[in-house]
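# Residue-level structural notes
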Amino acid sequence: MANLNTNYMGLNLRSPIIAGSSGLTSSLKNIVEIERQGAGAVVLKSIFEEQIRFEAHQAHSFQQSPYPEAWDYIHQYTQSHELDKYLRLIFDAKENTSFPIIASINCITAAQWTSFARQIEQAGADALELNIFILPSDPFRSSEENEKLYFDIAKAVLRELNIPVSIKLSWYFSSLTRTFLQLSWTGIKGMVLFNRFYSPEIDIDTLEVTSGHVFSQPGELNLPLRWIAMLSDRMHCDLAGSTGVDSGEEALKLLLVGAKAVQMVSALYRYGFSRIADTNQQIGSWMDQRGYESLEQIIGKMSLKNIENPASYERVQFMRHFAGVE
Ligand SMILES: Cc1cc2nc3c(=O)[nH]c(=O)nc-3n(C[C@H](O)[C@H](O)[C@H](O)COP(=O)(O)O)c2cc1C
């Protein structure tokens, strides 16, 4: 079968399929199984900045304490701590697997929590993914203020770490191309397009606010497809596709427009981890049938620069001729 190796932010992956961050990637048992099924890497469930800040604050207040007994308490306290558990998971995952382990932090400020990132590196993580999202809902915050935060966080974390850092982003940017291009110049090595969030829904029978689809639906691939196609030739970092990858078909589409790797989550919840092996198989067969031997031959083959009519990715209006609908 064709060689599925790819290089994503300096990491050698034996497959472009990465198990994306979710509840499925928070246990050692699952991580071992994800590797066994042939994934190129795993992104651990995000740890939250609030958790890190809370714990840092607790430890700091104990340090100020005049009572030495407080230190015993701290010791016990940190033993049972979520942060310790997270570091332990990284350590154990490294001990029990041989594929790249990407840690993930959900963050919204560039505050003092960033020193925790260093502990993630020390625990053995091969890379860190920053899951940053600020819903731009505050009418008193300008787009510059919102965007500055992404740069501040990236720079603060990059100062602490030697391992590659990626950012997982949303599409809520007024000048998406410019902002992403500038972010790619900060020294980050990867960009994950796009994250998918909890969305509220409404029940018209009970008139209650409920949760929208937790898992991505067919058709959601169109958003990363367009933007990766338009950005991949320009970025100064690697791109990974995320949202709507259900099988080899969607994975191939994102690779063709320029993603170096793709992340899967909803499909793993729906069909189980064997979906990773199936997806590798589908990509390999597609390549074999067409005589491609390595992923390098297909990555970016259909990016903006490489297609005959680049306007196809820029088109936004449904004109009859293109949509094929009266
Ligand atoms: C139950 C669940 C939990 C998730 N938790 C995280 C998380 O902790 N951190 C994160 O960056 N993304 C998280 N995500 C988002 C996924 O990593 C992914 O970006 C999103 O589901 C879109 O990919 P998909 O279409 O393959 O599901 C979660 C998604 C689901 C469904």
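See the structure shown above.
Here's what I pulled together on the structure shown here.

Moving on, we come to the packing of helix 6 (residues 143-160) against helix 7 (residues 176-184). Between helix 6 and helix 7, the shortest axis-to-axis distance is 10 Å and the interhelical angle comes to 20°. By the criterion of interaxial angle, the relationship of helix 6 to helix 7 is roughly parallel. In the packing of helix 6 onto helix 7, the handedness of the crossing is right-handed. Contact with helix 6, carried on its side by Glu147, Tyr150 and Phe151, involves Thr179, Gln182 and Leu183 of helix 7 and no other residues of that element. Here the residues of the contact of helix 6 with helix 7 sort into three nonpolar, two polar and one charged.

Looking now at the environment of Glu250. Along the chain, Glu250 turns up in helix 9 (residues 248-256). You can call Glu250 buried: its relative accessible area is 17%. Residues Glu250 and Leu221, 29 residues apart in the sequence, show an inter-C-alpha distance of 7.3 Å. The contacts of Glu250, once residues within four sequence positions are left out, are Leu221, Gly244 and Val245. Only 2.6 Å separates the side chain of Glu250 from the backbone nitrogen of Ser247, close enough to count as a polar contact.

The sheet contact formed by strand 10 (residues 200-203) and strand 11 (residues 208-211) spans four bridges and is antiparallel. Opposite Glu201, over in strand 11, you have Thr210 as the bridge partner. Here strand 10 folds back onto strand 11, and the loop between the two strands holds four residues, one of which, Leu207, carries a positive phi near 55°.

What the rule picks out here adds up to nine aromatic pairs. Considering the side-chain rings of Trp171 and Tyr172, the 5.6 Å spacing of their centres and the 20° angle between planes classify their relative orientation as stacked. Overall, the relative accessible area of 41% leaves Tyr172 in the partly exposed class. Seen in terms of ring centroids, Trp286 and Tyr292 are 5.7 Å apart; in terms of plane orientation they differ by 15°. Their pairing is stacked. Members of the aromatic cluster, connected to one another through ring pairs, are Phe133, Trp171, Tyr172, Phe194 and Phe197.

With that settled, consider a nonpolar patch on the surface. Taken together, Leu135, Trp171, Tyr172 and Leu223 make up a surface patch of nonpolar side chains, about 360 Å² in accessible area. Tracing the backbone shows Tyr172 in the loop between strand 8 (165-169) and helix 7.

The final tally for this structure, using the stated rule, is eleven salt bridges. Between Glu33 and Arg36 there is a salt bridge, with its nearest N and O atoms 2.9 Å apart. Note that Glu33 and Arg36 are positioned in helix 1 (residues 28-36) at a spacing of three residues, about one turn of the helix. Judged by relative accessible area, which is 23%, Glu33 ranks as partly exposed. Each of Asp246, Arg270 and Arg275 takes part in one network of salt bridges that share partners.

Where a strand is regular, its side chains alternate between the two sheet faces. A two-sided burial pattern is seen for strand 12 (residues 238-241), the buried positions comprising Asp238 and Ala240 on one face and Leu239 and Gly241 on the other. Across four bridges, strand 9 (residues 190-193) lies against strand 12 in parallel orientation. Residue pairing in the sheet places Gly190 in a bridge with Asp238 of strand 12. Pairing geometry for strand 12 and strand 13 (residues 261-264), over two bridges, is parallel. Bridge pairing in strand 13 places Ala240 opposite Ala261.

Around the ligand, the structure places 18 residues, and the nearest of them are Ser21, Ser46, Ser216, Gly244 and Ser266. Between the ligand and Ser266, the relevant distance is 2.5 Å, taken from an oxygen atom to a side-chain nitrogen or oxygen of the residue. In the complex, 88% of the free accessible area of the ligand, which totals 610 Å², lies under the protein chains.

Taken together, the buried positions of helix 1 are occupied by Asn30, Ile31, Ile34 and Glu35. The arc that holds the buried residues of helix 1, viewed along the axis, is 140°, so those residues lie on one side. In helix 1, the exposed positions that point more than 90 degrees away from the buried face belong to Lys29 and Arg36. Those residues of helix 1 hidden inside the fold are in contact with strand 3 (17-19), strand 4 (41-43), helix 4 (82-96), strand 6 (101-107) and helix 11 (274-290).

What counts as what
Residues numbered from 1 in each chain as written. Predicted model: local features only at pLDDT ≥ 70, side-chain atom pairs only at ≥ 80, totals over all residues. Heavy atoms only, no water. Axes fitted to C-alpha atoms, helices over the stretch in contact; angles between N-to-C directions. Helix = DSSP H or I, 4+ residues; strand = E, 2+ residues; numbered from the N terminus. Parallel < 35°, antiparallel > 145°, perpendicular 65-115°, else oblique. Left-handed = near helix turned anticlockwise from the far one by under 90°. Contact = heavy atoms within 4.5 Å. Nonpolar A, V, L, I, M, F, W, Y, C, P; charged D, E, K, R; others polar. Buried < 20%, exposed > 50% of the residue type's maximum accessible area, 1.4 Å probe, protein only. Polar contact = N/O pair within 3.5 Å; in protein donor to acceptor, adjacent residues only side chain to side chain. Pairing = 2+ DSSP bridges. Phe/Tyr/Trp six-rings, centres within 6.5 Å; stacked < 30°, edge-to-face > 60°. Patch = residues over 30% accessible without salt bridge, like charges linked within 9 Å, V, L, I, M, F, W, Y side chains within 5 Å. Areas by Shrake-Rupley, 256 points an atom, 1.4 Å probe, with all protein chains shown as cover. Salt bridge = Lys/Arg side-chain N within 4 Å of Asp/Glu carboxyl O. Near = heavy atom within 4 Å. Arc of directions from axis to C-beta.

Honestly, it's all geometry; don't read function into it.
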